[in-house]
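Commentary on secondary and tertiary structure
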Amino acid sequence: MKRFWQFLGVFLVVLVIVLIANTLRFTRLQPEVTPAADVALDEAALVRHLSGGLAIQTVSYQDSARFDSTAFNRFHRYLETVYPEIFDRLESERVNDYSLLLKWQGKQSELKPVLLMAHMDVVPVDPRTRSQWQQPPFSGAVADGFIWGRGAIDDKASLFGILDAVQFLLNQGFQPERTIYLAFGHDEELGGNRGARRIAERLARRGIKFDWVLDEGGARTGGLMPGVQSDVAMVGVAEKGYVSVELLVEGTGGHSSMPPLETPVGILCKAIAALEEHQMPAELMPPVNQMFRYLGPEMPFGMKLVMANLWLFQGLLTTQLSQSPTTNALIRTTTAPTMLEGSIKDNVLPARARGVVNFRIRPGDSVESVIQHIRKTVQDDRVNIRVLGTGRNPSPVSDVRAPQFQWLVRVIREVFPGTLVAPSLVVGGTDAKHFTELSPNVYRFIPVKLTPDDLHRFHGINERISIQNYIDMVKFYVHLLRKAA
Ligand SMILES: [Zn+2]
């Protein structure tokens, strides 16, 4: 017995030494940089440009019959009017009528070009919430230090920010060494198949490969990461996949006064409940474990010790992350039942009950593994399982050790001193998914600063961006383009 306690004592001492040694070796990955020189911008003009763009209703409706070609044509004309130098000096072409591709020829054509992306469409405004907007959603109002309107964050600030930066550089007589492409899709909110995907196909036919690609996805956030005081710039190096699956149970229907013991609705609900109860497994893998590698050293000692010893604490951490929907979405393929259909009348048994479950697939899983999981979990032949559409696997994960990523980390810190940069996983979809064949280095980040309060605003009500925030975005793009070129 005494030997046992001796052994246990030695074991614990060794364990503590290992944990602390790992923590001390867990060094910072944030590079020290010299802050970028400030640029003098015509701030009033920048505000006007974005404000005018927000007033044009380039809405993507689920129902394609509602597509308003006039609005998109007006948006193109607006860009040509506001940025005459750009349309004069860059090669521009429309793709599939409403998307826009611009090329700024560099002096050295042997250098690989780079691509900046944004989208010109916005989600609709729910008419029932219109009265809750402090400023009308398509007014582009400038009030209280903010520019208001649908698209102010997602994603016109990025589109106008890029164009304002290019126009500023053109006016300075700047000419890039490296060719710069700009791609603006017109249906990102519907998946980008008519816009960004067509642009990517056109570029692929021309044999163009990019050194890196930058689209929306991550942002600068404050107060969102527990234990981290500084702002964190989240750079999406991958995005989740997507599949919606229909569950269909057929019966004979009939009068509800003589129901069978099990009805289609009951069978369907059991299947959906089983899927909710048996979630797909959580795992810390790239890029989410890399995010903790970047942020861990910035955390207080206790949390840092956990992050530095994931070989031991991985289970503890994943349990913790599973507790909140935002962090749970980072570590597993999520299960979201979204649609239910049954009978059309209260006293009629349905001939069929139908449910739809939407899965967002993390790297490591696939459409195929989701289907296998559903079959294994439901285990009921009466439930017909069918994939709606084609589904999409998660994107490849861009390598954070690549010099291009390391370079982007520096550029962000040069413009936003003190901001921590971390790779991350984008849980929604972006147009960047169409470009993964054209570059191994696809990044999803817009330099907007978001507070926890802002997270409800885009796709929600009172979407807005502060004037200062927008000016800072333009400064970022100016610096990025100078350094990239
Ligand atoms: Zn967007």
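Sequence order sets the numbering: in each chain, residues are counted from 1 along the sequence as written. Given that the model is predicted, a residue must reach a pLDDT of at least 70 before its local features are reported, and side-chain atom pairs must reach 80 or more before they are shown or counted; all residues, however, enter totals for whole chains, interfaces and linings.

1. What about the overall build of the chain?
Within the chain, the secondary structure is distributed over 14 helices and 17 strands. The C-alpha radius of gyration computed for the chain amounts to 25 Å, which stays within 12% of the reference 23 Å derived for 485 residues, consistent with globular compactness. In terms of its C-alpha atoms, the chain occupies a principal-axis envelope of roughly 75 × 75 × 50 Å. Across the 485 residues that make up the chain, the buried fraction comes to 42%. What counts as a contact here is a pair of residues whose C-beta atoms, placed from the backbone, lie within 7 Å. Counting only contacts in the chain whose residues sit at least 6 apart along the sequence, the fraction spanning at least 24 positions is 81%. Each helix is a run of H or I in the DSSP string that is no shorter than four residues. Each strand is a run of E no shorter than two, and both are numbered from the N terminus. Throughout, radius of gyration means the C-alpha value; the globule benchmark is 2.2 Å times the number of residues raised to the power 0.38. Once C-beta atoms are placed from the backbone, each residue is buried if 20 or more other C-beta atoms lie within 10 Å of its own, exposed if 12 or fewer, and partly exposed for counts between those two.

2. Overview of the domain arrangement of the chain
In this entry, domain limits derive from an automatic or database-based domain assignment. Each assigned domain of the chain is listed with its residue range as follows: domain 1 (43-220 + 396-415 + 422-484) and domain 2 (241-392). Relative placement of domain 1 and domain 2: their C-alpha centres are 32 Å apart. Contacts between the two partners involve eight residues from domain 1, matched on the other side by 12 residues from domain 2. Residues were grouped as follows: Ala, Val, Leu, Ile, Met, Phe, Trp, Tyr, Cys and Pro as nonpolar; Asp, Glu, Lys and Arg as charged; and all remaining residues, including Gly, as polar. Classifying every residue of the side of domain 1 that touches domain 2 by side-chain character gives six nonpolar, two polar and no charged.

3. Looking at the environment of Ala204
Its location among the elements puts Ala204 in helix α6 (residues 196-205). According to the C-beta neighbour criterion, Ala204 is partly exposed, with 14 such atoms within 10 Å. The spacing of Ala204 and Phe435 is 231 residues in sequence and 9.2 Å in space, taken between C-alpha atoms.

4. A closer look at the sheet that holds strand β14 (residues 383-392)
One requirement defines pairing of two strands: DSSP has to find at least two bridges between them. With antiparallel pairing, four strands are arranged side by side in an open sheet as β11-β13-β9-β14. Strands at the two margins of the open sheet, each flanked by one partner only, are β11 (334-341) and β14. Between one strand and the next, the sheet's axes are offset by a mean angle of 20 degrees, whatever the strand orientation. In this sheet, strand β13 (residues 352-361) lies alongside β11 in antiparallel orientation, the contact comprising seven bridges. Whenever a helix is involved, its axis is fitted only over the stretch in contact; in every case the axis is a line through C-alpha atoms, and angles between N-to-C directions fall within 0 to 180 degrees.

5. Quick notes on the packing of helix α2 (residues 43-54) against helix α14 (residues 467-484)
Packed helix pairs are specified by the crossing angle of their axes together with the interaxial distance, meaning the distance between the axes. Interhelical geometry of α2 versus α14 gives an angle of 100 degrees and a closest axis separation of 10 Å. The angle between α2 and α14 falls in the class roughly perpendicular. Mapping the contact onto sequence places Glu43, Leu46, Val47 and Leu50 in α2 and Ile467, Tyr470, Ile471 and Val474 in α14. Tallied by class, the residues present in the contact of α2 with α14 amount to seven nonpolar, no polar and one charged. Roughly parallel here means an angle under 35 degrees, roughly antiparallel means over 145, roughly perpendicular means 65 to 115, and every remaining angle is called oblique.

6. Quick word on the sheet that holds strand β17 (residues 464-466)
Whenever strands of a sheet pair, they do so through backbone hydrogen bonds, lying parallel or antiparallel. Across the sheet, three strands lie side by side as β4-β5-β17; this open sheet has antiparallel pairing. Unpaired on one side and paired on the other, β4 (142-143) and β17 mark the two borders of the sheet. Along the sheet face, α2 touches β4 and β5 (146-148) and points at about 20 degrees away from the line of β5. Against the sheet, α14 contacts β5 and β17, and its axis sits at roughly 75 degrees relative to β17.

7. What to know about the environment of Leu312
Residue position: Leu312 is located in helix α10 (residues 310-322). Sequence separation between Leu312 and Val400 is 88 residues, and the spatial gap between their C-alpha atoms is 24 Å.

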